[in-house]
Amino acid sequence: MTEPDIHKGLAGVTVDTTAISKVNPDTNSLLYRGYPVQELAANCQFEEVAYLLWNGELPNALQLDQFQKLERSLRPLEPRTKRVIDELPLSAHPMDVVRTAVSVVGATDLTLAAKDGLTDHNLNLGRAIHLLAQLPAIVAYDQRRRRGLELVEPRDDLAYSANFLHMTFGEVPDITVVNAFDVSMILYAEHSFNASTFTARVITSTLSDLYSAVTGAIGALKGALHGGANEAVMHIFDEIGSADRAEDWLDRALAEKRKIMGFGHRVYKNGDSRVPTMKAALDTLIAEYQRPDLAALYDTLEKAMNDRKGIKPNLDYPSGPAYHLIGFDTEMFTPLFVMSRITGWTAHIMEQLASNSLIRPLSAYDGVDERHVPAQ
Ligand SMILES: CC(=O)SCCNC(=O)CCNC(=O)[C@H](O)C(C)(C)COP(=O)(O)OP(=O)(O)OC[C@H]1O[C@@H](n2cnc3c(N)ncnc32)[C@H](O)[C@@H]1OP(=O)(O)O
Ligand SMILES: O=C([O-])CC(=O)C(=O)O
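On a predicted model such as this, the values are computed, not experimentally measured, just so you know. Sequence positions are assigned chain by chain, starting from 1 and proceeding in written order. Lettering for chains starts from A, numbering for ligands starts from 1, and both go in the order in which the items are written. Side-chain atom pairs in this predicted model are given and counted only at pLDDT of 80 or more, local residue features only at pLDDT of at least 70, and totals for whole chains, interfaces and linings cover all residues.

### Focus: the overall build of the protein chain
Working step 1: Strands are runs of DSSP state E lasting at least two residues, helices are runs of H or I lasting at least four, and both sets are numbered from the N terminus onward. The helix and strand tally for the protein chain stands at 16 helices and three strands.
Working step 2: To get the radius of gyration, use the C-alpha atoms; to get the globule rule, take the number of residues to the power 0.38 and multiply by 2.2 Å. Here the C-alpha atoms of the protein chain give a radius of gyration of 22 Å, agreeing with the 21 Å that 2.2 N^0.38 yields for 376 residues.
Working step 3: Considered along the principal axes of its C-alpha atoms, the protein chain spans approximately 75 × 55 × 50 Å.
Working step 4: The burial criterion counts other C-beta atoms lying within 10 Å of a residue's C-beta, which is placed from the backbone; the residue is buried at 20 or more, exposed at 12 or fewer, and partly exposed between these limits. Out of the 376 residues in the protein chain, the part that is buried amounts to 43%.
Working step 5: Within the protein chain, contacts between residues at least 6 apart in sequence are counted, and of these 77% link residues at least 24 apart. Contact definition: two residues whose C-beta atoms, as placed from backbone geometry, lie within 7 Å.

### Description of the domain arrangement of the protein chain
Working step 1: Per the annotation, domain bounds derive from an automatic or database assignment of domains. By domain assignment, the protein chain separates into domain 1 (21-225 + 335-354) and domain 2 (229-325).
Working step 2: In this structure, domain 1 and domain 2 have C-alpha centres spaced 26 Å apart.
Working step 3: Tallying the contact residues gives 20 residues for domain 1 and 21 residues for domain 2.
Working step 4: If one sorts the elements of the side of domain 1 that touches domain 2 by residue count, helix H8 (residues 175-188) sits on top with seven residues.
Working step 5: Of the residues belonging to the side of domain 1 that touches domain 2, the class tally is 14 nonpolar, five polar and one charged. Classification used: nonpolar for Ala, Val, Leu, Ile, Met, Phe, Trp, Tyr, Cys and Pro, charged for Asp, Glu, Lys and Arg, polar for all others including Gly.

### A word on the sheet that holds strand E2 (residues 29-32)
Working step 1: Spatially, E1-E2-E3 is the arrangement adopted by the three strands of the open sheet, whose pairing is antiparallel. Two strands close off the open sheet at either side, each with one partner strand: strand E1 (21-24) and strand E3 (35-36).
Working step 2: Inspection of the sheet shows E2 paired to E3 by two bridges, in the antiparallel sense. If you follow Tyr 32 over to E3, its bridge partner there is Tyr 35. Each pair of strands is called paired provided DSSP finds at least two bridges between the two strands.

Okay, here's the thing in structure tokens:
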């Protein structure tokens, strides 16, 4: 019998097609529905990118207006979700809070019980928009309650990012800050078959519901090797303290065989296509908040990692300090990733359903040979 090829971590394995995004490590490019992500970040708002990922085309003025009206009407935090969040201890990680809140929204969606309620495309599109609108309320409220502050109601005269920052901090920050945040939302929105999106597709492939797929994806994103790295980057910055200590810290960490969070990528081996755009957004924040010390630490660690290992930063490296400067607690960073990636996950859930096949790979058994329970 020939030995099966094992592809640990599914590295290098192409499991399906997708028309949602193209990650090309050879040209170091990322396209959403054909558009370079850098062009989208420079010219669009996050809402337009969400529409693009779900519908395949950018919205015209009328379509955008209708989409924004709908999204804005769905923003207030639902009382039942708020009550459940209030029941959760502050010791719960914010990713556990957001996962639980999405589960509550799913458990109270009566349309799931309708005929074809789990798989109907229009129902799923409606659910995706609903979650897009609810997640900022969930995350903003969780950040505020951790600071002993009351809920802030949404404003329907503000676009997505400005409204979210208003709901979190009680005021709309400078336009530089709003724009930097919006760029991060666009860059985090979609990245083909990453671990959390693949999780969502696996769950969807069993004909489970969208909320189950999204809660599973949130669980996968939480880990430090995936979305949890943006939080971990900030812990590293805190541990190092200042630029003059970065090289010694790195040498020690590498000697201890530690993984340096915010560096490396399964697909990009010559740098992440999104980093230059996010680094430019971080630079505007560093100027806004006058934090050249943070810029020095960022640059020194990046250079030292490149010199020692030739490993480049991924998107989580500039996003972590950017979210810190905007004023979020470090443990809130990965829920911000959820707010953005809900667009990509749900686009993939709908694509999986449109051409479904149960995802069920094989394994090669390497346990003990067949044996038998001794007779009593
Ligand atoms: C938005 C995102 O989710 S991007 C990813 C965010 N995650 C992180 O930043 C966590 C830190 N990075 C990592 O752990 C890895 O680079 C991963 C998990 C992202 C990718 O891992 P893989 O594709 O499996 O690469 P792999 O682990 O095989 O690494 C190849 C080599 O580079 C080393 N390496 C890769 N990344 C790092 C890192 N961040 N720190 C130290 N060494 C690293 C590995 O130790 C390995 O060395 P070896 O050949 O001597 O054993
Ligand atoms: O593609 C990946 O493996 C991880 C990543 O960068 C993302 O999900 O944005």
